[in-house]
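Each chain, letter by letter, is given below.
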Amino acid sequence: MQRIVNAKTVKYSGQRIMVCGWVQTIRAHGKILFIDLRDQTGILQAVITPSIPNPEGIRKRKNSCYKLAQKLKPEWVVKFEGIIKQRPIGMQNPCIETGGVELAVENLKVLSKAKILPIPVFEIGKKEPTLEKRMNWRWLDLRKPEKQLIFRVWTVMEQTFGEYWISHGYIQIHSPKLMSVPSESGAEVFEVKYFDRKAYLSQSPQFYKQMAMAAGFEKVFEIGPVFRAEPSFTSRHATEFAGYDVEISFIESHQDVIQAEEEALVYVLTKIKQEFGKDIEKFYGRKIVIPKIPFPQLTMKEAKEILSKLKVKNKNNGDLSPEEEKKLSEFVRKREGHEFVFVTEYPIEVRPFYHMRLETNPKLTKSFDLLWNDLEITTGAQREHRYEILVRQAKEKGLKLESIKYYLNFFKYGCPPHGGFGLGPERMLMKIFNIRNIREITYLYRGVKRLRP
Ligand code: AMO
């Protein structure tokens, strides 16, 4: 017999079917057992009685699985066979999708037993254990439907970004994650043993997505892992995370990159809202707002002026602290009713050597960060594609040209003006769900102290 998933059982009224899943709760009313069976698609009520109708006549026969059913415990994995029946009016459950039907179980197989759970999966009224404890038992934590929702949204988000880029002429690349030199700078890099020499885990596909521009690909995107040896314990940093990277040729300035990102974001958020808006609101109380294009923009100078008027402690080093990001986002939300803000024109001191500088002020870069409700989700820039200038900028930053020789070569043989951005999907999901900690978003978080499970 073919398995029917719980959400589809409503279509099988009167038919004999097989379902599989986890025993979520067991309630006994007299001799009748009511079991909420959970699978990936939802909950189905299963009813197990000591006797069941005889197929031939009115007389009832013993239900051979009843004895075993009495032994069931929460989180056992089971297979039920039985008849889907309409629930009597007044006994229906409007809270679940299958609330109009139930399964009269006639056959039962235990596929896997569960010992006493170290953390609860489903216990009404019980406080969630600490995040640390839940991360130790992540596969149990993830059994909760509201947690699985994050990964369903992630799946569609990634597919929709890909769909958008592919339909706009982008080519997908997969650049190597094992590098002979660090991909951004020497800091924050994981060193690995590579046969008889050292290699480094890629901190960004930056150099290789730029190589694609030199190769004439014109528009590329990459979805892949990023590794950063950041010794930080914040709620927004992981040592391994996913990166969505984009690079585009023949741009006039970083404004073209900003526009490309705005359009992709609106496309993706519209799809997420259509498909998951209701569930996200139901489980997380977050209403997705589709942002209006163009998103607000502030230069770093303007941002710092606003912050100083707001009397926010101002480090004034050309970058924004988390506190400054928060206050700036609040300000833009109030003034413009927009959840996003691009901060542009970062000073050269806080940006890498490959960022192009403004013609009107060479102390500033043609770069940007995108903040979404207090959090940086993107960094981007127009890159310096002119070999001599790039070499000069690298020297200014104290880089050894030998170590970036292969990168510099990309710009020697004809390379169009280009720019791009890197977006952190974990950060984006934090904002979609209004979840404060990246550990809740990541399937298996990796941080300074965490390499398990
Ligand atoms: P950046 O270093 O800002 O830029 O990274 C791009 C985006 O990746 C996310 N991010 C992180 N997410 C989780 N944990 C971390 N430790 C972490 N670090 C960064 C953020 C960030 O905005 N090469 C440039 C991109 C470019 O210019 O194209 C870069 O890597 O959302």
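Residues numbered from 1 in each chain as written. Predicted model: local features only at pLDDT ≥ 70, side-chain atom pairs only at ≥ 80, totals over all residues. Heavy atoms only, no water.

## Some remarks on the overall build of the protein chain
As a reminder of what qualifies: Numbering goes from the N terminus for both helices and strands, where a helix is a DSSP run of H or I of at least four residues and a strand is a run of E of at least two. When a residue's accessible area, from a 1.4 Å probe over protein chains only, is under 20% of the maximum for its type it is buried; when over 50% it is exposed; and in between it is partly exposed. Here a residue-residue contact requires only that any non-hydrogen atoms of the pair lie within 4.5 Å. Within this scheme the basic residues Lys and Arg register as positive and the acidic residues Asp and Glu register as negative, but His and the chain ends are omitted. The location of each charge is read from NZ of Lys, CZ of Arg, CG of Asp or CD of Glu.
Counting its regular elements, the protein chain contains 12 helices and 18 strands. Dimensions along the principal axes, computed over C-alpha positions, put the protein chain at roughly 95 × 60 × 40 Å. Residues classed as buried in the protein chain amount to 50% of the 453 residues present. Considering only contacts within the protein chain whose residues lie at least 6 apart along the sequence, 64% involve residues at least 24 apart. Here the protein chain contributes 75 positively and 54 negatively charged side chains, and the mean placements of these two sets differ by 9 Å.

## Some points on the domain arrangement of the protein chain
Stated formally: How far each domain reaches was decided by an automatic or database domain assignment.
Examined at the domain level, the protein chain breaks down into domain 1 (6–112) and domain 2 (145–441). The distance between the C-alpha centroids of domain 1 and domain 2 comes to 50 Å.

## Examining the side chain of Thr 160
In this structure, Thr 160 sits in helix α4 (residues 145–167). Setting aside residues no more than four positions away along its own chain, Thr 160 makes contact with Tyr 267, Val 268 and Lys 271.

## Concerning the side chain of Thr 98
Positionally, Thr 98 belongs in the loop between β6 (77–86) and β7 (101–112). Assessed through its relative accessible area of 2%, Thr 98 is described here as buried. Those residues within four positions of Thr 98 in sequence are excluded, and the remaining contacts are Asn 6, Ala 7, Thr 9, Val 10, Ile 43, Leu 44 and Arg 87.

## What about empty space enclosed by the protein?
Empty space among the atoms can be located by rolling a probe the size of a water molecule over them. How we decide: Cavities and pockets were defined on a 1 Å grid built from protein atoms only: a cavity is a group of points that admits a 1.4 Å probe but offers it no way out, a pocket is an open group of points flanked by protein on both sides within 12 Å along at least five of seven lines, and a lining residue is one with an atom within 4 Å of any such point. Grid points are joined across faces, edges and corners, and a volume is the space filled by probe spheres set on the points.
A complete count under the given rule lists 1 cavity of 30 Å³ or more for this structure. By volume, the largest cavity amounts to about 40 Å³. Taken together, Met 135, Arg 138, Tyr 443, Leu 444, Tyr 445, Arg 446, Arg 450, Arg 452 and Pro 453 form the lining of the largest cavity.

## Here we look at the environment of Leu 399
The residue Leu 399 is located in the loop between α9 (387–396) and α10 (405–409) in this model. Each C-alpha atom of the pair Leu 399 and Met 211 lies 19 Å from the other, and the pair is 188 residues apart in sequence. When neighbours within four sequence positions are excluded, Leu 399 is seen to be in contact with Phe 353, Ala 394 and Ile 404.

## Things to note about the packing of aromatic side chains
Here is the rule we go by: Pairs were defined over the aromatic rings of Phe, Tyr and Trp, the Trp ring being its six-membered one, requiring ring centres within 6.5 Å. Orientation was assigned from the angle between planes: stacked under 30 degrees, edge-to-face over 60, tilted for the rest.
Per the stated rule, a full pass over the model turns up 23 aromatic pairs. On the numbers, 4.9 Å between centres and 70° between planes, the contact of Tyr 194 with Phe 195 is edge-to-face. Among the residues examined, Tyr 194 registers a relative accessible area of 30% and is labelled partly exposed. The class for Phe 195 is exposed, based on a relative accessible area of 68%. Aromatic pair Tyr 407 and Phe 411: ring centres 5.1 Å apart, planes at 75°, arrangement edge-to-face. The two residues Tyr 407 and Phe 411 agree in class, both being buried. An aromatic cluster is defined as three or more aromatic residues linked by ring pairs; in this entry it consists of Phe 207, Tyr 208, Phe 353, Tyr 354, Tyr 406, Tyr 407, Phe 410 and Phe 411.

## Quick notes on the sheet that holds strand β10 (residues 191–194)
Worth spelling out the cut-off: DSSP-based pairing: two strands are paired if at least 2 bridges between them are found.
Reading across the sheet, the 3 strands line up as β9-β11-β10 and stay open at both edges, with antiparallel pairing between neighbours. If you trace the sheet from one side to the other, it starts and ends with β9 (178–179) and β10, each paired once. Bridge count between β10 and strand β11 (residues 197–201): 4 bridges; the pairing is antiparallel. The residue of β11 that forms the bridge with Val 192 is Ala 199.

## Focus on the nonpolar core
Nonpolar side chains tend to gather and get buried jointly when the protein is soluble and globular. Applied cut-off: Residues grouped as a nonpolar core are buried Ala, Val, Leu, Ile, Met, Phe, Trp, Tyr and Cys residues, joined through side-chain atoms within 4.5 Å.
Formed by 54 residues in total, the largest nonpolar core has its most connected members in Met 157, Phe 161, Trp 165, Met 428 and Ile 432. Top contributing element to this core by residue count: helix α6 (residues 254–284), with 11 residues. In this structure Ile 432 touches Val 153, Met 157, Leu 269, Ile 272, Ile 280, Arg 286, Ile 288 and Trp 372, once residues within four positions along its chain are discounted. One finds Ile 4, Leu 33, Ala 69 and Phe 80 within the second-largest nonpolar core, a separate group that totals 22 residues.

## So, a positive patch on the surface
For clarity, the cut-off: Each patch is built from residues lacking any salt bridge and having more than 30% relative accessible area; the joining distance is 9 Å for like charges and 5 Å for nonpolar side chains (Val, Leu, Ile, Met, Phe, Trp, Tyr). Areas reported as accessible are Shrake-Rupley estimates using a 1.4 Å probe. Residue values count occlusion only from the protein chains shown. Put simply, a salt bridge is a Lys or Arg side-chain nitrogen that is within 4 Å of an Asp or Glu carboxyl oxygen.
Among the surface-exposed residues, Lys 62, Lys 67, Lys 71 and Lys 113 lie close enough to one another that they form a single positively charged patch. Structurally, Lys 62 is set in strand β5 (residues 60–62). Looking at Lys 62, the relative accessible area reads 72%, which means it is exposed.

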